[in-house]
Structure formats: structure tokens, C-alpha cells
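# Analysis of the macromolecular model
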Amino acid sequence: MNAGPSCSGGLWPCRASDIYTCKSMIGSFPAGWRMRNMAREILAFILCTSGWVLISSTLPTDYWKVSSIDGTVITTATFWSNLWKTCVTDSTGVSNCKDFPSMLALDGYIQVCRGLMITAVCLGFFGSIFALIGMKCTKIGGPDKFKARVVSFAGFNFACTGLCSLTAYSLYAHRITSEFFDPMFVAQKYELGAALFIGWAGSTLCLLGGALFTLSMADGSSNKSSPNRRVASLMSGAMPQSQTSHTRRTLPEYSSTPQHFDKNAYV
């Protein structure tokens, strides 16, 4: 008896009217998972690159810390400083800047912040390249398994970018606030500049994007074969009882009691 076409490589027989339904159920799960993973990677790439651009823009920004001397009517002078120089702007708008004379003569926190910021910018640059190679929406990078490893490494780079920059901004801000609230500190006191807030926002974006890149690989490795398992479970539950009964074999029953035959039984 012809059982008809079969679904999912001949695991169970299907009726002719169910061929399209079986194929659509088997093919829809991997396609939907791939599109969902691609959308997640694109979102992570936008977050990471936006955060990296914000972090890079704060490196040459002037206003890391700001202070002003107010007169009776107008501001007489504005002092501001960053990782490379310190400046003053008078009421006429003329600015006078002075670069830090020697790297060895700098305060320790400024040297640490410089190193962390340069490291963050470099890691973000290489992370962008690895992300373009490993994303599934690009045509470079080889098979999907290799691309998943590359995009996970890109997420790790972006996470390190966010951590390095966040540490640099927080260290610089801690030094400003500790000097501002110290009653024994008699020198010029500064406040937090706009560059610190922009940098904190960029660091947060890099951390979020790196986490999405890492979760994208974790989700892909865990759900790689789950679509076929879901289809098999759905179809096995929907099989009629008459079809499942044909797959079971009944063993012949043998009697354990001896049988006696007379001589006429062989005639």
C-alpha cells in the first residue's frame, strides 16, 4: 500500500494535501530565526558605531572641566581644560591656551585617562571592522560558523571599548568632584564639562551594542537545530493514531505449554 509523500525527509507519511503545509512549517523557522538575528546584529552595529563616534569626538574636545569667574554684570573669565591643554577665555572672547609642558610631569590620573581613551578608540576601530566581516547581512567572512565567531569577537572589542572609556571618564570626574568638595583645596575649582556627559552616553551605547553582539552568537548556537525539533514535535503531535499504529510491530505470541498430537494428525 502506497503511504504517499512524506514530510521532513520521510520521517512520517503525509497526505498529498499536506505537502505544502509541511514544507512551509519546516522552512519558515530557519528563515525567521535568521532575519531576527540579522536585525539584532544591525541594531548592535548602529549602537556600537554611534557610541564609538561619541567617544572619539570627546578626545579632542576642550570642555572636560570648566570653571568661571563672575563679575558684577558679566562673566569676566572662563577656565576650561582637557587631557592635552588648559585654556582661559576672557569676556571679549579671546582665548589663551597652554599645552601641558611634559608628559612625565603630568598628574597620574591624566596619564591614565589618556591611555584608556586611546585604547578605547583603537578597540572600537578594530571592532567595527570585525563587525562588518562577521555580520550575516554582509557577503564577506566565509561560512556562518566563522562569521558568528568574528561577530562575537567584535562584541567583545566594543564591550572593552565601553569599559575603558567609562573608566577614564569616571576617574576624571572623580578627581574634579573630590577637589571641588575638598575644603582644604585652595586652587581653582572646576566643574564637570560637557565632554564627560557625551562620553558617558557613548560608553553606554558601546556596552549595549557589545552585549547584543555576544547574545546574538549565544542565541544562534543554542537555537541552531531547534527549528527542526519544533517542527518534528508539532507534526508528531498532529499525526493520526492510524498512522502511528502502522509503525509498531507486534511480536508473535508463542505458547509455553507443550502440545500433544496423536498419530492421525500427521496423516
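Residues numbered from 1 in each chain as written. Predicted model: local features only at pLDDT ≥ 70, side-chain atom pairs only at ≥ 80, totals over all residues. Heavy atoms only, no water.

Helix and strand counts for the protein chain come out as six helices and seven strands. Each helix and strand of the protein chain, ordered N terminal to C terminal, gives the series β-β-α-β-β-β-β-α-α-β-α-α-α. Every one of the 267 residues in the protein chain was classed for burial, and the buried ones make up 30%. A sequence separation of at least 24 residues applies to 62% of the contacts in the protein chain between residues at least 6 apart. Total accessible area on the protein chain is roughly 16600 Å²; 65% of this is exposed by carbon and sulfur atoms. (Helix = DSSP H or I, 4+ residues; strand = E, 2+ residues; numbered from the N terminus. Buried < 20%, exposed > 50% of the residue type's maximum accessible area, 1.4 Å probe, protein only. Contact = heavy atoms within 4.5 Å. Areas by Shrake-Rupley, 256 points an atom, 1.4 Å probe, with all protein chains shown as cover.)

Under the defined criterion, the tally for this structure stands at one disulfide. Paired through a disulfide, Cys87 and Cys97 show a sulfur-sulfur distance of 2.0 Å. In this structure, the disulfide formed by Cys87 and Cys97 twists by about 115° around the S-S bond and is classed as right-handed. With Cys87 in strand S5 (residues 85–90) and Cys97 in strand S6 (residues 95–99), the pair connects residues that are 10 residues apart, well separated along the chain. We classify Cys87 as buried; its relative accessible area is 3%. The cysteine Cys160 is free of any disulfide, with Cys164 supplying the nearest cysteine sulfur at 6.3 Å. (Disulfide = S-S within 2.5 Å.)

Trp64, Leu83, Met117, Tyr169, Tyr172 and Leu196 are the most contacted members of the largest nonpolar core, which has 23 residues in total. Looking at this core, the elements that each hand over two or more residues are helix H1 (19–58), helix H2 (108–134), helix H3 (144–180) and helix H4 (194–222). A per-element tally of this core places H2 first, with seven residues. If near-sequence neighbours (up to four positions away) are discounted, Tyr172 is found in contact with Trp64, Lys65, Ser81, Asn82, Leu83, Tyr109, Cys113 and Leu196. With nine residues, the next largest nonpolar core counts Ala44, Phe45, Ala131 and Ala154 among its residues. (Core = buried A, V, L, I, M, F, W, Y, C linked by side-chain atoms within 4.5 Å.)

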